[in-house]
Amino acid sequence: MSTMIRCLRIARKCNNGSIGSLPSRSCGRSSAISASQHEYNSFHRSSGPARSFCGAILSSASQSPINKYVPIQKIPSAYTTASTCHFSSYNSSDDSPLSQPRESMHYDVVIVGGGPAGLASAIRLKQLSAQKGIDLSVCVLEKGSEIGSHILSGNVFDPKALEELLAYNEDEVSGQHWTEALMESQDSKATPVSEDAFLILTESGGSFQVPNILLPSQLQNHGNYIISLSKLVRYLGEMAEGLGVEIYPGFAADEVLYGGDGSTAVRGVATKDVGIAKDGDPKETFERGVELLGRQTLFAEGARGSCSESIISKFKLREKGGAAMQHYGLGIKEVWEVPEENFKPGFVQHTLGFPLQSSLADKVYGGSFLYHQEPNLVLCGLVVGLDYENPYINPYQEFQRWKTHPAIKPNFEGGTCIQYGARVLNEGGYHSLPKLTFPGGMLLGCSAGFLNAVKIKGSHCALKSGIVAAESVYDALTSGENAEEKTVATMGEIDAEEVPKEITEYADAMEKSWVYDELKEVRNCHEAFAKWGVGGGLLYTGIAAHITKGKEPWTLPSPVGSNSDGLKTDSKATKPAKEFQPIEYPAPDGVLTFDLLTNLQRSGTYHEDDQPSHLKIKPDVASVPESISLQVYAAPESRFCPAAVYEYVDEKLVINAQNCIHCKCCSIKMPHEYIQWTVPEGGGGPQYQVM
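Residues numbered from 1 in each chain as written. Predicted model: local features only at pLDDT ≥ 70, side-chain atom pairs only at ≥ 80, totals over all residues. Heavy atoms only, no water.

Caption draft 1: Representation of the overall build of the protein chain in the model. A count of helical and extended segments in the protein chain gives 19 helices and 28 strands. The buried share of the protein chain, taken over its 691 residues, is 62%. A separation threshold of at least 6 residues defines the contact pool for the protein chain, and within that pool the share at least 24 residues apart is 80%. Entry remark: accessible area of the protein chain is about 25,900 Å², with carbon and sulfur atoms responsible for 50%. (Helix = DSSP H or I, 4+ residues; strand = E, 2+ residues; numbered from the N terminus. Buried < 20%, exposed > 50% of the residue type's maximum accessible area, 1.4 Å probe, protein only. Contact = heavy atoms within 4.5 Å. Areas by Shrake-Rupley, 256 points an atom, 1.4 Å probe, with all protein chains shown as cover.)

Caption draft 2: Region of interest: the packing of aromatic side chains. Under the criterion given, the structure shown has 15 aromatic pairs. Seen from their ring centres, F399 and W402 are 5.9 Å apart, and the 20 degrees between their planes marks the pair as stacked. With F399 and W402 both in helix α9 (residues 395-402) and three residues apart, this pair spans about one turn of that helix. Take W402: its relative accessible area is 0%, and that puts it in the buried class. Here W402 and F412 contribute two aromatic rings whose centre-to-centre distance is 6.4 Å and whose plane-to-plane angle is 75 degrees, an arrangement assigned as edge-to-face. Remark: F412 occurs in the loop between α9 and β22 (416-426) and W402 occurs in helix α9; sequence separation between them is 10 residues. Side by side, W402 and F412 carry an identical accessibility label, which is buried. Seen from the ring of F594, R602 lies directly overhead, with NZ or CZ sitting 4.2 Å from the centre. (Phe/Tyr/Trp six-rings, centres within 6.5 Å; stacked < 30°, edge-to-face > 60°. Lys NZ or Arg CZ within 6 Å of the ring centre and 35° of its normal.)

Caption draft 3: Just helix α7 (residues 306-314), in detail. If you check which residues of α7 are buried, you get S306, C307, S308, S310, I311 and I312. Once α7 ends, the next one or two residues include K316, with phi positive near 50 degrees.

Caption draft 4: Focus on the sheet that holds strand β11 (residues 225-226). Here three strands make up an open sheet; going across it, the order is β7-β11-β8 and the pairing antiparallel. Lying at the two open borders of the sheet, with one neighbouring strand each, are β7 (156-157) and β8 (191-192). Across two bridges, β8 lies against β11 in antiparallel orientation. Counted as the bridge partner of P192 is Y225 from β11. (Pairing = 2+ DSSP bridges.)

Caption draft 5: The sheet that holds strand β20 (residues 366-373), seen in detail. Across the sheet, which stays open at both edges, the seven strands sit in the order β10-β9-β19-β20-β21-β18-β22 with mixed pairing between neighbours. If you trace the sheet from one side to the other, it starts and ends with β10 (207-209) and β22, each paired once. For this sheet, the mean inter-axis angle between neighbouring strands, taken without regard to orientation, is 20 degrees. Pairing of strand β18 (residues 328-337) with β22 involves 10 bridges; the strand directions are antiparallel. Along β22, the bridge assignment pairs G329 with L425. Contacting β9 (195-201), β18, β19 (347-353), β20, β21 (377-385) and β22, α9 crosses the sheet at an angle of about 135 degrees to β21. (Axes fitted to C-alpha atoms, helices over the stretch in contact; angles between N-to-C directions.)

Caption draft 6: Spotlight on the packing of helix α11 (residues 459-477) against helix α14 (residues 514-521). Between α11 and α14, the shortest axis-to-axis distance is 10 Å and the interhelical angle comes to 145 degrees. Across the interface between the two elements, H460, C461 and K464 of α11 pack against W514, V515 and E518 of α14. In terms of residue class, the contact of α11 with α14 is made up of three nonpolar, one polar and two charged. (Nonpolar A, V, L, I, M, F, W, Y, C, P; charged D, E, K, R; others polar.)

This is a description of form; function is not addressed.
Now the structure itself:
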């Protein structure tokens, strides 16, 4: 029996505790480096908390009794796997450990991703199990080392979906508001918004505030809270475990599993093999991944999730849903601690103009956010639409420039930057929503694209999609004759004769929800910015938000170039470098502005050093980096990556995969999309605490 299986079994046995983390042991940690430096610092992770379920393996796994709640089996012959496109050639043969069958675990529902959508669905499933009397077994798989470690968001939080979810808890502490529970659980203060400001910044250092009465209602933040989303999902993770959800952090879903015998129904996912050296050979620490098989598999990986994207492609969900290609923005964020004299609790500020737009005709889509969260934190960042044309734009450097504007700089005086990170976000909105369901599963949250770019919020939509998905799944799996006897919670395994369902009721319910209403109101706004620039985009957004509310009898076309399927991609928006002049950015001062590698250390990013790169160059476009990206576009990946992963040394591409903060930008903006983003060993990546 593999150590990984023992990990998961012990996790089950200890599941009524707090959420788990990676092993309680020292691990090799690769720091942020540049290939041109040819060196790196070696760190050791601090010991994990006592609740670390994998840590128990090292001291007591061989003596621990085995929980027989669900059997561990060799993968049945009826199942087959379809990888999420791995392009490395491991040195495998029939006798190699890499070719051996994986062990499996069965559930009623497998959820991929421990963010707001995934945890909301897990919680709601267990609420319904308690309320209606038929239990479903539920697990959540999270690639981060602990719940919340890969979560990054602005975040001014609309609480309506969370309050709906919590209202279903039968044992909710009487009178305790969720903000109090969050503070008690995570020592994190949800700060009510006290002041809203929207500024236009000029290149010359000037600024003017747009009167709030002119702003769209979706930009009004009365009743919202400034929070750390990574802290909120930790709170939700504790709640889910308390309800009986099995949460497995540190295990990356690497493959989507499909049924055999010609069936294309999704049967679950497999975790990534661990202990493979850079050369592709298994090390002494090698462990085969585990098959997690579910009657339904819910994909809640966030924007541009690797499994979700493979499913969208396999089932042609965009084409079947009549959807445009998804557009993305890159959000770059810092968290600062500031002195009391510069702190304004509940202050919310958004800006347009400098540094991304210098005239009303500029078409770079994006802007900034700045929020003051108690007790003394300033959350700030810049979002840059990835459909920009100029390959010389460096989003990280534009963010550093933004902090120097006279209207912005005073917020940071006397302060200290304590955390840095970045993540892509969906910007396509209503027109980019794919078909949500397929045989055996569904897409949730940002995996589907439920983010309101005008409102600059998506967490509330993700939570709502998780609630709706859970209700649809529960009804489908517990209806019919002898439904209880067919559950994995009762039988211990999936009935071999059961045909995976496509639960279309989920999509129907979402279309009737306030999520679709909210997205439809601003369905043409992103396209308006791309078509007419910031001036025309603002004017159109004002009209749409105040008057037409999405009911205009036209649909603005997606603005960027087509791929081979006729759909639109952000990658195609980039124009040749010869059409632009290089941008000279000011040197960092180390106080207000920082060089990228210094800031990258604040993300806590680490990866096991001796493993194959998870950033794969697609074989059919292997010549693109040196022949097209460098020669035609002046190596834009060396500028748009917010973690210094890509650089050219002697005109050869070098991939510093150990720097990767899992933002997914490279899989979107690369010329010809030449990078396939795959998961590294579970637990690798950033270690966000207050993002």
